[in-house]
Amino acid sequence: MRALIFVLSLLVFALPAQAQQGMPSIPVIEPPPPPTSADFATPPKGGAWPPNAVAATDGPPPAKVTVAVMGDSLGDGMWGGLYRLMVRDKRYSFHRGAKNSVGFTGSDLTDMVDAALAAGPVDAVVMMIGANDRRSFFVGNQSKALFRSKAWQELYAGRVAAFMDKLQQHKLPTIWILLPVMRADDASADARLINDIVTNAARTRPYVKLVPTWQITADESGAYQAHFKDLKGVTRLMRANDGVHFTDPAYELIGDSVLKLLRENVPPFKILAAKG
């Protein structure tokens, strides 16, 4: 068998240049870019979050607080995690506004905000999105820009900004969960690109608080890891089989951090926590 392979390789190199030109070329895969600050920490922002926060926790606690959870399938996973964490506390309500198979490459998604507000008062928003945005940018039914092109990045940034502005118009404190490390290197590189766009948009929008997930989803070398510690400190499977989504314990782990941010910073949640 080895002799046959050797003979075939000699024949290939002996082909005329014209014949070799007709042979399919081997694609060159570019390595992903190095991590950025968006992958590891929330960029510093002047002033308190949210801007309308007050230090006092006096007065009666609200009967109920409502968190509107938006985004794509990752966002829907976050809804499930938050719901399971607080299912026994009827003072917390979680509006299920995320949808599978959506993204900013398809629309501006501001209808999610309208739907949440139409359902009732909203005290805070949790957003996670990006799983479906590794594709061309569409306006209507027409493709306007190829994925990762300069035009794509500008159009995508515009839709992220429009969504954040819609939330800010209603003075909604928003926790935006950034994308994690992905199992495939090219998917991780794309997640970093989306994280950078979201981070840049959030710098000038004080109602948006970023929550990174890169550090907890990477091992010591910065590579994808499927197993890490849950809320109880037990190392277990925390990523789904597709290498993109999370398992239920991981959504709960991130959800616990989200709830802590709300209780420490957003007035209705602060008062509710202070009054027990």
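Keep in mind that what you see is a predicted model, and the values were worked out from it rather than measured.

Asks: Help me out: how do you make sense of helix 7 (residues 248-265) in this one?
Replies: The α-helix winds at 3.6 residues per turn, so residues separated by three or four positions along the chain end up facing the same way. Relative to the 26 Å expected for 18 residues at 1.5 Å per residue, helix 7 spans 26 Å between its end C-alpha atoms, a close match to the ideal helical length. Those residues of helix 7 that fall on the buried side of the exposure criterion are Pro249, Ala250, Tyr251, Leu253, Ile254, Gly255, Asp256, Val258, Leu259, Leu261 and Leu262.

Asks: So what exactly am I meant to see when it comes to the packing of helix 4 (residues 110-119) against helix 5 (residues 150-169) here?
Replies: The axes of two packed helices give the description: the angle between them and the distance between them. Two elements in contact, helix 4 and helix 5, have axes whose closest approach is 9 Å; the angle formed by their N-to-C orientations is 20 degrees. Put simply, helix 4 runs roughly parallel to helix 5. In this structure, helix 4 meets helix 5 at a crossing whose hand is right-handed. The residues of helix 5 that touch helix 4, namely those facing Thr110, Val113 and Asp114, are Ala162, Phe163, Lys166 and Leu167. Among the residues making up the contact of helix 4 with helix 5, the classes are represented as four nonpolar, one polar and two charged.

Asks: Just checking my understanding: could you explain the pairing of strand 1 (residues 65-71) for this structure?
Replies: Looking along a regular strand, one sees side chains alternate from face to face of the sheet. A large share of strand 1 lies buried, amounting to seven of its seven residues. Along strand 1, one buried face is formed by Val65, Val67, Val69 and Gly71 and the opposite face, lined by Thr66, Ala68 and Met70, is buried too. Alignment of strand 1 against strand 2 (residues 92-96), held across five bridges, turns out to be parallel. Paired with Ala68 across the two strands is His95, which belongs to strand 2. The parallel pair strand 1 and strand 2 is bridged by helix 3 (residues 73-86), and the resulting crossover is right-handed.

Asks: Would you mind going over the packing of aromatic side chains with me for this structure?
Replies: Two measures describe an aromatic ring pair: the distance that separates the ring centres and the angle between the ring planes. Here the structure, examined in full by the defined rule, presents nine aromatic pairs. Between Phe104 and Tyr156, the ring centres sit 5.8 Å apart and the planes meet at 90 degrees, which makes this aromatic pair edge-to-face. Residue Phe104 is located in the loop between strand 2 and helix 4, and its partner Tyr156 is located in helix 5; the two are separated by 52 residues in the primary sequence. You can call Phe104 buried: its relative accessible area is 0%.

Asks: What exactly am I supposed to notice about the pairing of strand 6 (residues 174-177) here?
Replies: On strand 6, burial covers both faces: Thr174 and Trp176 on one face and Ile175 and Ile177 on the other are all buried. Both strand 3 (residues 124-128) and strand 6 contribute to a ladder of three bridges, which runs parallel. Considered in strand 6, the bridge of Val125 is made with Thr174. As defined by bridge partners, strand 6 adjoins strand 7 (residues 208-211) across four bridges and the pair is classed as parallel. Paired with Trp176 across the bridge in strand 7 is Leu210. Handedness of the crossover joining strand 6 and strand 7 through helix 6 (residues 185-202) is recorded here as right-handed.

Asks: Please explain the pattern of salt bridges as it appears in this structure.
Replies: Between side chains of opposite charge, a pair can form as their charged atoms come close. For the structure shown, the criterion picks out 11 salt bridges. Residue Asp190 is joined to Arg148 by a salt bridge in which the shortest nitrogen-to-oxygen separation is 2.7 Å. With Asp190 in helix 6 and Arg148 in the loop between strand 5 (142-145) and helix 5, this residue pair connects regions lying 42 residues apart in the sequence. Given the relative accessible area of 5%, Asp190 is considered buried. Note that Asp230 is salt-bridged to Arg236, the shortest N-O span being 3.2 Å.

Asks: Mind showing me how you'd approach helix 3 here?
Replies: Under the 1.5 Å per step criterion, the end-to-end length of helix 3 is 20 Å for 14 residues, consistent within 8% with the ideal 20 Å. Listed in full, the buried residues belonging to helix 3 are Ser73, Leu74, Gly75, Asp76, Gly77, Met78, Trp79, Gly80, Gly81, Leu82 and Met86. In this fold, the buried residues of helix 3 make contact with strand 1, strand 2, strand 3, strand 6 and helix 7. Of the residues that open helix 3, the one with a side-chain oxygen 2.9 Å from the backbone nitrogen of Leu74 is Asp72.

Conventions and cut-offs
Residues numbered from 1 in each chain as written. Predicted model: local features only at pLDDT ≥ 70, side-chain atom pairs only at ≥ 80, totals over all residues. Heavy atoms only, no water. Helix = DSSP H or I, 4+ residues; strand = E, 2+ residues; numbered from the N terminus. Expected span 1.5 Å × (residues − 1). Buried < 20%, exposed > 50% of the residue type's maximum accessible area, 1.4 Å probe, protein only. Axes fitted to C-alpha atoms, helices over the stretch in contact; angles between N-to-C directions. Parallel < 35°, antiparallel > 145°, perpendicular 65-115°, else oblique. Left-handed = near helix turned anticlockwise from the far one by under 90°. Contact = heavy atoms within 4.5 Å. Nonpolar A, V, L, I, M, F, W, Y, C, P; charged D, E, K, R; others polar. Pairing = 2+ DSSP bridges. Right-handed = clockwise from strand over helix to strand, strands pointing away. Phe/Tyr/Trp six-rings, centres within 6.5 Å; stacked < 30°, edge-to-face > 60°. Salt bridge = Lys/Arg side-chain N within 4 Å of Asp/Glu carboxyl O. Polar contact = N/O pair within 3.5 Å; in protein donor to acceptor, adjacent residues only side chain to side chain.

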